[in-house]
Amino acid sequence: MHTPPPRVVATVAALGLLSQLEVRYGRLLLFQSGGCCDGSTPMCYAQGDFLTGDADICVGFAGETPFYMTPELFSYWQNCQIVLDIADGRGGMFSLDSGTGKRFITQSRLFSDAELAALAATTKAPSASHAAR
């Protein structure tokens, strides 16, 4: 049996920005926006400043930072690995990366059939908001 791949990975640049923001704001969380006010960008918040809902899902971690999304959005992304990266530009108006000259972005890649089988064999689905690591 294959080891399941992580659902979330982060580039070195994204981990660096998270580290920089964590020094300033403390422990963080990421929430993948579904396309409302700030488009479909991952939003970065200090833990405690943004409350996840009971149904929100922790799909994985970017380093030590939990990455959440709604169940509806997870149903769309469930067959993909999320790659957290950064780009030049302003972050979302409520996201802590705003004002750094960089913003978080998500890219994705489809899991292979073997990876999907490994995920199915080891997990039911990511758990609701207070997922243990």
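On a predicted model such as this, the values are computed, not experimentally measured, just so you know.

Caption draft 1: A look at the overall build of the chain. Each helix and strand counted, the chain has 3 helices and 7 strands in total. Along the chain, from the amino end to the carboxyl end, the secondary structure elements read β-α-β-β-β-β-α-β-β-α. Out of the 133 residues in the chain, the part that is buried amounts to 43%.

Caption draft 2: The pattern of salt bridges, seen in detail. Taken as a whole and judged by the stated rule, the model has 2 salt bridges. Notably, a salt bridge pairs Arg109 with Glu115, separated by 2.7 Å at the nearest N-O pair.

Caption draft 3: Region of the structure containing the packing of aromatic side chains. Within the structure shown, the criterion is met by 3 aromatic pairs. Taken together, a centroid distance of 5.1 Å and an interplanar angle of 50 degrees make the contact between Phe31 and Phe50 tilted. Here Phe50 lies in the loop between strand E3 (42-46) and strand E4 (57-62) and Phe31 lies in strand E2 (residues 28-32), a separation of 19 residues in the sequence. Phe31 sits in the buried class, given a relative accessible area of 12%.

Caption draft 4: Up close: the sheet that holds E2. Reading across from one edge, E3-E2-E5-E4 is the order of the 4 strands in this open sheet, with mixed pairing throughout. Taken across any chain shown, the strands that pair with only one partner, and hence form the sheet edges, are E3 and E4. The average undirected angle you get between the axes of adjacent strands in this sheet is 30 degrees. Here E2 pairs with strand E5 (residues 65-69) via 2 bridges, running parallel. Across the sheet, Phe31 pairs through a bridge with Tyr68, a residue of E5.

So, how was this worked out
Residues numbered from 1 in each chain as written. Predicted model: local features only at pLDDT ≥ 70, side-chain atom pairs only at ≥ 80, totals over all residues. Heavy atoms only, no water. Helix = DSSP H or I, 4+ residues; strand = E, 2+ residues; numbered from the N terminus. Buried < 20%, exposed > 50% of the residue type's maximum accessible area, 1.4 Å probe, protein only. Salt bridge = Lys/Arg side-chain N within 4 Å of Asp/Glu carboxyl O. Phe/Tyr/Trp six-rings, centres within 6.5 Å; stacked < 30°, edge-to-face > 60°. Pairing = 2+ DSSP bridges. Axes fitted to C-alpha atoms, helices over the stretch in contact; angles between N-to-C directions.

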